[in-house]
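One-letter residues, chain by chain:
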Amino acid sequence: TSGCCGATVTCDRPVIAADIATDPLWAPCRDLAATYDLGACWSYPMVDKAGTILGTLAVHRASAGVPSAHDVAVLERVRDLAAIVIERRRAEEALRLTQFAVDHVADQIFLIDPDGNNVEAVWGTE
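Here the structure is a predicted model, which is why all the values come from computation and not from measurement.

**A few points about the pattern of salt bridges**
Inference 1: Under the criterion given, the structure shown has three salt bridges.
Inference 2: Put simply, Arg 79 and Asp 80 hold a salt bridge, and the shortest N to O gap is 2.9 Å.
Inference 3: Classification of Arg 79 as buried rests on a relative accessible area of 16%.
Inference 4: A relative accessible area of 40% places Asp 80 in the partly exposed class.
Inference 5: Two residues, Glu 93 and Arg 96, come together in a salt bridge whose shortest N-O distance is 2.7 Å. Residue Glu 93 and its partner Arg 96 are located together in helix H3 (residues 69-105), separated by three residues, close to a single helical turn.

**Focus: the nonpolar core**
Inference 1: Cys 4, Ala 7, Val 15, Ala 17, Ile 20, Trp 26, Ala 33 and Cys 41 together form the largest nonpolar core, which totals eight residues.
Inference 2: Going through the elements one at a time, helix H1 (3-11) and strand S1 (15-17) are the ones with two or more residues in this core.
Inference 3: With sequence-adjacent residues up to four places away left out, Trp 26 is seen in contact with Gly 3, Cys 4, Ala 17, Ile 20, Ala 33, Cys 41 and His 60.
Inference 4: Membership of the second largest hydrophobic core comes to five residues, among which are Trp 42, Tyr 44, Leu 57 and Leu 75.

**A look at the sheet that holds strand S3 (residues 53-61)**
Inference 1: Spatially, the three strands line up as an open sheet ordered S1-S2-S3, and their pairing is antiparallel. The sheet terminates laterally at S1 and S3, the two strands that pair on one side only. Recorded for the sheet is a direction-independent mean angle of 15 degrees between the axes of neighbouring strands.
Inference 2: Where strand S2 (residues 40-47) meets S3, eight bridges bridge the pair, whose relative direction is antiparallel. Within S3, the residue paired with Met 46 across the bridge is Gly 55.

What counts, and at which threshold
Residues numbered from 1 in each chain as written. Predicted model: local features only at pLDDT ≥ 70, side-chain atom pairs only at ≥ 80, totals over all residues. Heavy atoms only, no water. Salt bridge = Lys/Arg side-chain N within 4 Å of Asp/Glu carboxyl O. Buried < 20%, exposed > 50% of the residue type's maximum accessible area, 1.4 Å probe, protein only. Helix = DSSP H or I, 4+ residues; strand = E, 2+ residues; numbered from the N terminus. Core = buried A, V, L, I, M, F, W, Y, C linked by side-chain atoms within 4.5 Å. Contact = heavy atoms within 4.5 Å. Pairing = 2+ DSSP bridges. Axes fitted to C-alpha atoms, helices over the stretch in contact; angles between N-to-C directions.

Listed below in structure tokens is the structure:
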């Protein structure tokens, strides 16, 4: 992986490239970054409630530099809100697919917990 986002996912921590022109993470794509006048990149991991990485929030700046304390507070807030949105979307999609399965595919669905215990049985409506 290259760049801040790849390193963020690998390390599960924020990665700051204060100067893309000299940062080793950006060596493979330094020329491309220069084409778009990218001077710095700050990448923060987005995680779900279980601690699984959902993605990264990256900020690119034209000038080199590190985030201020205020920048960090704002970035962490936006990152946390984005993670909530992603989790909610995934939960809504899982619910939609489950409802489709109940309504159209299966006569019975058994919900099993990670230990193999039957949690619930659902019968289709058709």
